[in-house]
Amino acid sequence: MSASAGTGVFMLSLMSIPICYLFNSLIYSNRYVGTGLYLLSVGRLTSTTAMYAVNAFLSVVNLIVGLEQDNIIDGFVTFYLREADPHVNTAHGHMISYWDGCVHYLMYLLMIAAITWGDSYRAIGLYWVGSFLMRAMVYILGNAVGKYGTHVGPLFILHILYISVSVWTCFRILTQPSTRDVELTEAQRTGLLHRHLDLVFIIYLIPALAFCVFRGLVVLDCSSKWCQDYTQQYEPYLKDPAAYPKVQMLVSMLYSGPYYIITLYGLLVPGCEWMPDLTLVHSGALAQAQFSHIGASLHTRTPFSYRVPVDSQPVFLLVNVLYTLVPQALCYRCCTQPAFFLKTTPEKKGE
């Protein structure tokens, strides 16, 4: 793929701005002209790159949706916001619009740039896989079981189609061979007490496991006084009838809980080659989940009774930001210093 093709993808993604404005102004007349030109241009790319190009285009659309919901711009997707499924206008839908429009868009551009320059984009791809799958699971399940579950319309079916195609891209990334080439060092034989950073991560993983299980019990209506007090004082958003926070905590408990246990094993036992890839997927998923959860917990679109109380916001932000950032640091450690996770082979011993 040439550099000019990569630049073309970037320019095509920006076509979403005039196309959205045109659609909103004309609604149906000439509606498919811009889209047809875009798809014609995308059709000249490889299948994987074309998928990223389409996703980049839709990410800019999502950013426009978020900006218009905040009244920063007007007249681009007004018709869509009025006629779309009500899920889009919830606090959770608002936050994932910004996440798609900013973070996912940057990932698509980085992956397209890597393809253009002939570099591996597997690390960025795995981070995106975790982020995308978390976003898709929570959004779909939340729409199905929340208070808007009876308002599923044709646009939601199109959203499912988009997710189904994107899942194919996830499998393409997961099946890419790893390009990691690191010489075996003394890290394999270094004890845990001499790996101070890993020791800190292990100490962190235990309360993190307890925290994700605890919030899972809260949304399951645990009768414990601790759960009830926590909900009332720190995170009343967990009881929002929109059901996104409930689904989010259940998915996190069932996904992050086992991850923390597996990661404890990977940090204690050398030779777990899957650790860097696993931390990439999980850190992407957790970053997306926490961004949406923190933002929606404080957003004005959330009913006042379910927002975080003002007095509790410092504690809420401290706990949730730490819960978000430490796994990112663990991911960085595993990916930049993977020697401990390499398996010892006879060939390397001989050398």
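Rules behind the numbers
Residue numbering note: each chain is counted from 1, following its sequence as written. Since the coordinates come from a predicted model, pLDDT governs what is reported: local features require at least 70, and pairs of side-chain atoms require 80 or more to be given and counted, while whole-chain, interface and lining totals use all residues. For the side-chain quantities, the full set of heavy atoms in the structure was used; hydrogens and water were omitted. In DSSP terms, a helix is any run of H or I states spanning at least four residues, a strand is any run of E spanning at least two, and both are numbered starting from the N terminus. Each residue gets one of three labels from its accessible area relative to the maximum for its type: buried under 20%, exposed over 50%, partly exposed in between, using a 1.4 Å probe on protein chains only. Note on definitions: a residue-residue contact is assigned when non-hydrogen atoms from the two residues lie within 4.5 Å. Residue exposure ignores everything except the shown protein chains as possible cover, and the areas themselves are Shrake-Rupley values with a 1.4 Å probe. Only residues above 30% relative accessible area that lack a salt bridge enter a patch, with like-charged residues linked at up to 9 Å and the nonpolar side chains Val, Leu, Ile, Met, Phe, Trp and Tyr linked at up to 5 Å. Put simply, a salt bridge is a Lys or Arg side-chain nitrogen that is within 4 Å of an Asp or Glu carboxyl oxygen. Any two rings among Phe, Tyr and Trp, with Trp reduced to its six-membered ring, count as a pair given centres within 6.5 Å; such a pair is stacked if its planes are under 30 degrees apart, edge-to-face if over 60, and tilted if neither. Lysine and arginine charges are scored as sitting over a ring when NZ or CZ, respectively, is within 6 Å of the ring centre and within 35 degrees of the ring normal. UniProt positions are given in the numbering used here, feature names are shortened, and annotations may be inferred rather than shown by experiment. Every angle, taken between N-to-C directions, lies between 0 and 180 degrees, and every axis is a line fitted to C-alpha atoms, over only the stretch in contact when it is a helix. Note that the term roughly parallel is reserved for angles under 35 degrees, roughly antiparallel for angles over 145, roughly perpendicular for angles of 65 to 115, and oblique for everything else. Working rule for handedness: look at the near helix, and if it is turned counterclockwise from the far one by less than a right angle, call the crossing left-handed; if clockwise, right-handed. What a helix is expected to span follows from its residue count: subtract one and scale by 1.5 Å. Think of it this way: the bend at a residue is just the angle between two axes, each fitted to seven residues, one set ending at that residue and the other starting at it. We define a nonpolar core as any set of buried Ala, Val, Leu, Ile, Met, Phe, Trp, Tyr and Cys residues linked to one another through side-chain atoms lying within 4.5 Å. In this document the domain limits rely on a domain assignment from an automatic tool or a database. The pLDDT score gives, residue by residue, the confidence of the prediction method on a 0 to 100 scale.

A.B. asks: Quick question: what am I supposed to make of the overall build of the protein here?
C.D. replies: Scanning the protein for helices and strands turns up 14 helices and zero strands. Helices (α) and strands (β) of the protein occur, in sequence order from the N terminus, as α-α-α-α-α-α-α-α-α-α-α-α-α-α. Across the 351 residues of the protein, 48% fall into the buried class. Contacts in the protein between residues at least 24 apart in sequence constitute 77% of all its contacts with a sequence separation of at least 6. Accessible surface for the protein amounts to roughly 17,100 Å². Of this, 68% is attributable to carbon and sulfur atoms.

A.B. asks: Just checking my understanding: could you explain a nonpolar patch on the surface for this structure?
C.D. replies: Residues Leu 298, Leu 317, Val 321 and Leu 325 make up a contiguous nonpolar surface patch of roughly 290 Å² in combined accessible area. No other element matches helix α13 (residues 313-336), which puts three residues into the nonpolar patch.

A.B. asks: I'm lost on the packing of aromatic side chains in this one. Help?
C.D. replies: Aromatic ring pairs: the centre-centre distance and the angle between the two ring planes describe each pair. In total, this model carries ten aromatic pairs according to the counting rule given. Between Trp 128 and Phe 132 the ring centres are 5.2 Å apart and the planes differ by 25°, which places this aromatic pair in the stacked class. A residue pair is termed a helical-turn pair when its members lie 3 or 4 positions apart in one helix, as Trp 128 and Phe 132 do in helix α7 (residues 122-145) at four residues. For the pair Trp 128 and Phe 132, one class covers both residues: buried. Above the ring of Phe 340, the side-chain terminus of Arg 195 is found at 4.0 Å from the ring centroid.

A.B. asks: What is the right way to look at the UniProt feature "transmembrane region" (unreviewed entry) in the protein in this model?
C.D. replies: In the numbering used here, UniProt assigns the "transmembrane region" (unreviewed entry) feature to residues 6-28, 96-117, 124-142, 154-175 and 196-218. Along residues 96-117 the backbone is 100% helical and 0% strand, and the end-to-end C-alpha distance reaches 30 Å. Along residues 196-218 one finds 100% helix and 0% strand; the C-alpha atoms at either end are 34 Å apart.

A.B. asks: Sorry, what's going on with the packing of helix α11 (residues 244-268) against helix α12 (residues 275-298) here?
C.D. replies: The geometry of a pair of packed helices is captured by two quantities: the angle between their axes and the separation between those axes. Closest axis-to-axis distance for the α11/α12 pair is 11 Å, and the angle between their directions is 150°. Between α11 and α12, the angle is such that the two are roughly antiparallel. With respect to the hand of their crossing, α11 and α12 are arranged in left-handed fashion. Each of Gln 248, Met 249, Tyr 255, Ser 256, Tyr 259, Tyr 260, Ile 262, Thr 263, Gly 266 and Leu 267 in α11 lies in contact with α12, whose residues at this interface are Met 275, Leu 278, Thr 279, Val 281, His 282, Ala 285, Leu 286, Ala 289 and His 293.

A.B. asks: Can you walk me through α11 in this structure?
C.D. replies: The periodicity of an α-helix, 3.6 residues per turn, causes residues three or four positions apart to be oriented the same way. Look at α11: 35 Å from first C-alpha to last across 25 residues, which is about the 36 Å you get at 1.5 Å a residue. Roughly 30° is the biggest bend found in α11, and it falls at Met 253.

A.B. asks: Just checking my understanding: could you explain unusual backbone geometry for this structure?
C.D. replies: Peptide bonds are mostly trans, and most non-glycine residues show a negative phi. Not every positive phi belongs to a glycine, and Asn 71 is a case in point at roughly 60°. Relative to the helices and strands, Asn 71 resides in the loop between α4 (47-69) and α5 (78-83). A positive phi angle, near 65°, is found at Asp 221, a position not held by glycine. Relative to the assigned elements, Asp 221 resides in the loop between α9 (196-219) and α10 (225-233).

A.B. asks: Mind showing me how you'd approach the nonpolar core here?
C.D. replies: Tyr 52, Tyr 108, Met 111, Tyr 121, Trp 128, Phe 132 and Ile 173 are the most contacted members of the largest nonpolar core, which has 40 residues in total. At the level of secondary structure, the elements contributing two or more residues to this core comprise α4, α6 (91-117), α7, α8 (154-174) and α12. A domain split of this core shows at least three residues from each of domain 1 (3-175) and domain 2 (190-336). Those residues within four positions of Trp 128 in sequence are excluded, and the remaining contacts are Asn 55, His 104, Met 107, Tyr 108, Met 111, Ser 166, Thr 169, Cys 170 and Ile 173. Formed by 25 residues, the second largest nonpolar core is a distinct cluster that contains Tyr 204, Tyr 260, Leu 267 and Phe 341.

A.B. asks: In this structure, what is going on with the confidence of the model for the protein? I would like to understand it.
C.D. replies: Low pLDDT marks stretches whose predicted atomic positions should not be read closely. Chain-level pLDDT for the protein is 80 on average; 77% of the residues reach the 70-or-more range. Across residues 347-351, where pLDDT falls below 50, the model places three contacts with residues more than four positions away in sequence or in other chains.

A.B. asks: Help me out: how do you make sense of the pattern of salt bridges in this one?
C.D. replies: Opposite charge on two side chains makes pairing possible when the charged atoms of those side chains draw close. Overall, the coordinates contain seven salt bridges when judged by the stated rule. A salt bridge links Arg 122 to Asp 277; its shortest N-O distance comes to 2.9 Å. With Arg 122 in helix α7 and Asp 277 in helix α12, this pair connects stretches of sequence that are 155 residues apart. By relative accessible area, Arg 122 is classed as buried at 12%. The closest approach of N and O atoms between Arg 215 and Glu 235, which form a salt bridge, is 3.1 Å. Remark: Glu 235 occurs in the loop between α10 and α11 and Arg 215 occurs in helix α9; sequence separation between them is 20 residues. One exposure class covers both Arg 215 and Glu 235, and it is buried.

A.B. asks: Help me out: how do you make sense of the packing of α12 against α13 in this one?
C.D. replies: Between α12 and α13, the shortest axis-to-axis distance is 8 Å and the interhelical angle comes to 160°. The orientation of α12 relative to α13 falls into the category roughly antiparallel. Here the hand of the crossing between α12 and α13 comes out left-handed.

A.B. asks: Sorry, what's going on with the side chain of Thr 302 here?
C.D. replies: Position of Thr 302 among the secondary structure elements: in the loop between α12 and α13. Ignoring sequence-local partners within four residues, the contact set of Thr 302 consists of Ala 91, Tyr 237, Asp 240, Ala 296 and Arg 307.

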